[in-house]
Amino acid sequence: MSENITIITDDSFDAEVIQSTIPVLVDFWAEWCGPCKMIAPTVEIVAKEFAGKIKVTKLNVDENNKIATSYNIRGIPTLMFFKNGKIVASKTGALTKTQLVDFINANLQ
């Protein structure tokens, strides 16, 4: 895992995401999820490219179902973009690098 990605849990979600002073991308994923594994390298590349502008985090929904349930995660991978502790955008399913970069840039404004 990249040093540019923060692994979060039910317990650390509030501190890492809600209280973050910079925008946060949360990747809701699971070990058994094929599309999650497909986009993992893309998420790592984007985390490096956007280092300092956004925080990229990953939350394993099997190990942290409290947060996944509270945000009504029904399909994975789900990517949620948070600014000032609030969800500003969400995408479900595997994205290409271009789609992921566009998603981030559209919500950084």
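Scroll up to find the structure this text is about.
Residues numbered from 1 in each chain as written. Predicted model: local features only at pLDDT ≥ 70, side-chain atom pairs only at ≥ 80, totals over all residues. Heavy atoms only, no water.

Chemist: Honestly, the state of the cysteines in this entry has me stumped. Any pointers?
Modeler: Working definition: the covalent bond between the sulfur atoms of two cysteines is a disulfide. Taken as a whole and assessed by the stated rule, the structure comprises one disulfide. Two residues share a disulfide in this structure: C33 and C36, whose sulfurs sit 2.4 Å from each other. Its torsion about the S-S bond being 80 degrees, the disulfide of C33 and C36 is classed as right-handed. By relative accessible area, C33 is classed as buried at 3%. Classification of C36 as buried rests on a relative accessible area of 3%. (Disulfide = S-S within 2.5 Å. Buried < 20%, exposed > 50% of the residue type's maximum accessible area, 1.4 Å probe, protein only.)

Chemist: Would you take a moment to explain the packing of aromatic side chains for this structure?
Modeler: When we look at a pair of aromatic rings, we describe it by the centre distance and by the angle of the planes. A full pass over the atoms with the stated rule returns four aromatic pairs. Here F81 and F103 contribute two aromatic rings whose centre-to-centre distance is 6.4 Å and whose plane-to-plane angle is 80 degrees, an arrangement assigned as edge-to-face. Of this pair, F81 sits in strand β4 (residues 78-83) while F103 sits in helix α4 (residues 97-108), and the two are 22 residues apart along the sequence. In this structure, F81 and F103 share a single accessibility class: buried. Three or more aromatic residues joined by ring pairs make a cluster, and in this case those are F13, Y71 and F82. The ring of W29 has K58 lying over it, and the distance from NZ or CZ to the ring centre is 5.3 Å. (Phe/Tyr/Trp six-rings, centres within 6.5 Å; stacked < 30°, edge-to-face > 60°. Helix = DSSP H or I, 4+ residues; strand = E, 2+ residues; numbered from the N terminus. Lys NZ or Arg CZ within 6 Å of the ring centre and 35° of its normal.)

Shape is all these values report; function is a separate question.
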